[in-house]
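Observations on the three-dimensional arrangement
One-letter residues, chain by chain:
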Amino acid sequence: MKFKATPYHFDLIKDNQRLSAFFEAIKEYDGENELAYDLGCGSGILSYFLSAYFKEVISLEIDRSAFDCAKENLAGLENVDVINTDVLKYDFDKKADLIVCEMMDTALIDEEQIPVLNHAKHGLRSNGRIIPQGIINSAQLVNLEREYIHWDENAKYEIYSDDAVFSEFNFSDDINPNFNADLSFKVKKDGTVNGIKITTFTKLTDDIICGPTPMLNPPLLIPFDEKSVKSNQYITVNLKYIMGNGIESIELNVL
């Protein structure tokens, strides 16, 4: 099936790793399922997958251009209703078996996954589920070439510590969007460090965990003031940000 899409959503569709992970997660619903919500449906590709497993799919999209594409792409599916609206203003009066929400980004910093799910979860049945289920965040000490926050595509950096998990979130829980944690690293070699690399792993179901893909949580590089380090030295970094408020909300300081 050919899908019309905005340039951004076309890039999402081209990311086969991302798309296949969500498809496999949705395929687990092979019984009689009443209702699924697709929040921020974009071109409608995930709603298309859902339509084969649910009697009703409600797809919400705030962007008018993306909505127009989804409306056209899904026009032949009688069990899919595409609505042009802000999810944060939508009244979830129908209880769903499943919520699919892929407003994802690295460490949940930039996009509105958490504010949206905190609002939408009252529209989920008591035994309902969310795809993705949650995320796992890890970090490493690095020496960065660039002195600003950036993703690691075509970026040069040198790694100075092992990868350490610093947070895990289950989207069925109520999550405080104000993140504040101390991250501890053991230095592997002498040199100079000036930042951290954050890697996010997406837990779609109990059995499916997807690492970073080109359009799903690419690693994020965050600089701090340069510091000389020695092998086996421990470095603690305080990381703060507000989920959904963008990379401008990030504060990173060496303690």
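Relevant structure appears above.
Quick look at the structure, then. Please read these numbers as outputs of a predicted model, since none were measured by experiment. (Residues numbered from 1 in each chain as written. Predicted model: local features only at pLDDT ≥ 70, side-chain atom pairs only at ≥ 80, totals over all residues. Heavy atoms only, no water.)

Things to note about the sheet that holds strand β1 (residues 33–39)
The 5 strands lie next to each other as β3-β2-β1-β4-β5, forming an open sheet whose pairing is parallel. Each edge of the sheet is formed by a strand with only one pairing partner; in this case those strands are β3 (80–84) and β5 (124–131). Between one strand axis and the next, the sheet turns through 20° on average, direction left out of account. Pairing of β1 with strand β2 (residues 54–61) involves 6 bridges; the strand directions are parallel. By the bridge assignment for β2, Y37 is matched with I58. Along the sheet, helix α4 (residues 64–73) contacts β2 and β3; its crossing angle with β3, the most-contacted strand, is approximately 165°. Those strands touched by helix α5 (residues 113–120) are β1, β4 (96–101) and β5, and its axis lies near 165° from that of β4. (Pairing = 2+ DSSP bridges. Helix = DSSP H or I, 4+ residues; strand = E, 2+ residues; numbered from the N terminus. Axes fitted to C-alpha atoms, helices over the stretch in contact; angles between N-to-C directions. Contact = heavy atoms within 4.5 Å.)

A look at the packing of aromatic side chains
Counted by the stated rule, this structure contains 10 aromatic pairs. With 5.4 Å between their ring centres and 40° between their planes, Y29 and F54 make a pair best called tilted. With Y29 in the loop between α2 (16–27) and β1 and F54 in strand β2, this pair connects stretches of sequence that are 25 residues apart. The buried category is assigned to Y29, whose relative accessible area is 7%. For the pair Y37 and F92, a centre-to-centre distance of 4.9 Å together with 80° between the ring planes defines the contact as edge-to-face. Here the residue Y37 occupies a position in strand β1, and F92 occupies one in the loop between β3 and β4, the gap between them amounting to 55 residues. The exposure classification of Y37 matches that of F92, with both residues buried. Here a set of aromatic residues connected by ring pairs shows up, and it is made of F3, F23, Y48 and F49. Here the guanidinium or amino end of R18 rests over the ring plane of F22, the centre of that ring lying 5.8 Å away. (Phe/Tyr/Trp six-rings, centres within 6.5 Å; stacked < 30°, edge-to-face > 60°. Buried < 20%, exposed > 50% of the residue type's maximum accessible area, 1.4 Å probe, protein only. Lys NZ or Arg CZ within 6 Å of the ring centre and 35° of its normal.)

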